[in-house]
Amino acid sequence: MRAKLSISNPVKFTPKVYGQAAAYNSIPFDMQQYRDRILPWWQKRDYFQKWQTTDAIRLQAISDSAPIRLDVIGKHGRVFSTLVFDRKQQDASNPGTYIFECDLSLASIPEGCYILRVTFGSGGAEWISEPQSIKARHPHTTYIEYKHSRGYNNDLIFRTGFSPAIRVEGWLGRLKKGAKDTIWENQRLNQTVIDSKTYRVWPYHIGFTYGVPDWLYDKLVDIFGMDILSIDGVLYTKAEAGAEFEETVIEGYPLRGYRVDLRENINRSSIIIDSESNMQRKLVVVGNIETNLFGDLSSNASTNQVPALNYE
């Protein structure tokens, strides 16, 4: 059996049983749960990944074995829900393996703490998640939805329509305003603004007052590399290329806080009021009829052509 789980999936899974060589005293990061990585001289601090009953947990795996089953397990090993991954198309890069996806709605799951278990094949390998906390509402959290327009990124395949999301302890801080200016200076050093385009920068804080574990930071760095990313329904991107997550560390404490500067993906100078359209969507030009028009290609005499006075 061979399978692949991308780190950019919204949930971290580790093997239920990991065969460790007797000579090794450390376990690889991807094979070990957060609680087992807390050093003896560090403060003991539990962490539960947070979801609301309005959310959905969407997962993707690539495997040569079927079926792949997802179980939601509560206290005392009780199974609250079981879902079989849907088999999609064959992975073009790995003949004999297929893309598998599942979409777990949390609307019918009672509030509480759970473990997710993924089983590959009939009686095959079992992988378990970090602890999950499901509530009707988790204050001071944000819902991050993400995908990649090119159809593939970080070993996730989006051509199937896969569109995952993750909930994180985070909030947007105080606004910072920036501008890119073109200024002309004459011989007497008098200056004139030729052009000025302003933009807003939002510091996104992660971890609230308690921090998040390394595995969540690991995921978020990859997720923020997707070119379509929204936080509570608003599209954002990193404020600068190569922007790093700035950390806040407390000595002897296993969780950390982070901050990264973001810009709104669509830099508008107006508030758009439209009760019928999603104003977070971008216009995609399928056929360029003329440089100052866009419209359909239904006929040479098409009247469905709209003047393009400006673009974003």
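First, a word on scope: everything that follows refers to the structure included in this document. (Residues numbered from 1 in each chain as written. Predicted model: local features only at pLDDT ≥ 70, side-chain atom pairs only at ≥ 80, totals over all residues. Heavy atoms only, no water.)

## A word on the overall build of the chain
- Secondary structure assignment for the chain yields one helix and 23 strands.
- In the chain, which comprises 312 residues, the proportion classed as buried is 38%.
- Across the chain, contacts joining residues at least 24 apart in sequence account for 65% of those joining residues at least 6 apart.
- Surface accessibility of the chain: about 19100 Å² in total, with carbon and sulfur atoms responsible for 49%. (Helix = DSSP H or I, 4+ residues; strand = E, 2+ residues; numbered from the N terminus. Buried < 20%, exposed > 50% of the residue type's maximum accessible area, 1.4 Å probe, protein only. Contact = heavy atoms within 4.5 Å. Areas by Shrake-Rupley, 256 points an atom, 1.4 Å probe, with all protein chains shown as cover.)

## Details of the pattern of salt bridges
- This model, assessed by the stated rule, comprises 14 salt bridges.
- The salt bridge partner of lysine 4 is aspartate 155, with a shortest N-O separation of 4.0 Å. With a gap of 151 residues between them, lysine 4 in strand S1 (residues 3-5) and aspartate 155 in the loop between strand S13 (152-153) and strand S14 (156-157) connect regions that are remote in the sequence.
- Residue classification places lysine 4 among the partly exposed positions, given a relative accessible area of 30%.
- Between aspartate 214 and arginine 256 there is a salt bridge; the shortest N-O distance is 2.9 Å. Note that aspartate 214 is positioned in helix H1 (residues 214-223) and arginine 256 in the loop between strand S20 (246-248) and strand S21 (257-264), a separation of 42 residues in sequence.
- What you see here is one network of salt bridges that share partners, running through Lys176, Glu246, Arg259 and Asp261. (Salt bridge = Lys/Arg side-chain N within 4 Å of Asp/Glu carboxyl O.)

## Concerning the side chain of lysine 50
- As for its position among the elements, lysine 50 is in strand S3 (residues 49-52).
- Within the local environment of lysine 50, its side chain forms a polar contact with the side chain of glutamate 169, the two groups lying 2.7 Å apart. (Polar contact = N/O pair within 3.5 Å; in protein donor to acceptor, adjacent residues only side chain to side chain.)

## Looking at H1
- For H1, the full list of buried residues reads Trp215, Leu216, Lys219, Leu220 and Ile223. Looking down the long axis of H1, one finds its buried residues gathered within 135° of arc, a one-sided arrangement.
- As for H1, its buried residues are in contact with S3, strand S12 (141-147), strand S15 (165-172), strand S17 (191-206) and strand S18 (228-231). (Arc of directions from axis to C-beta.)

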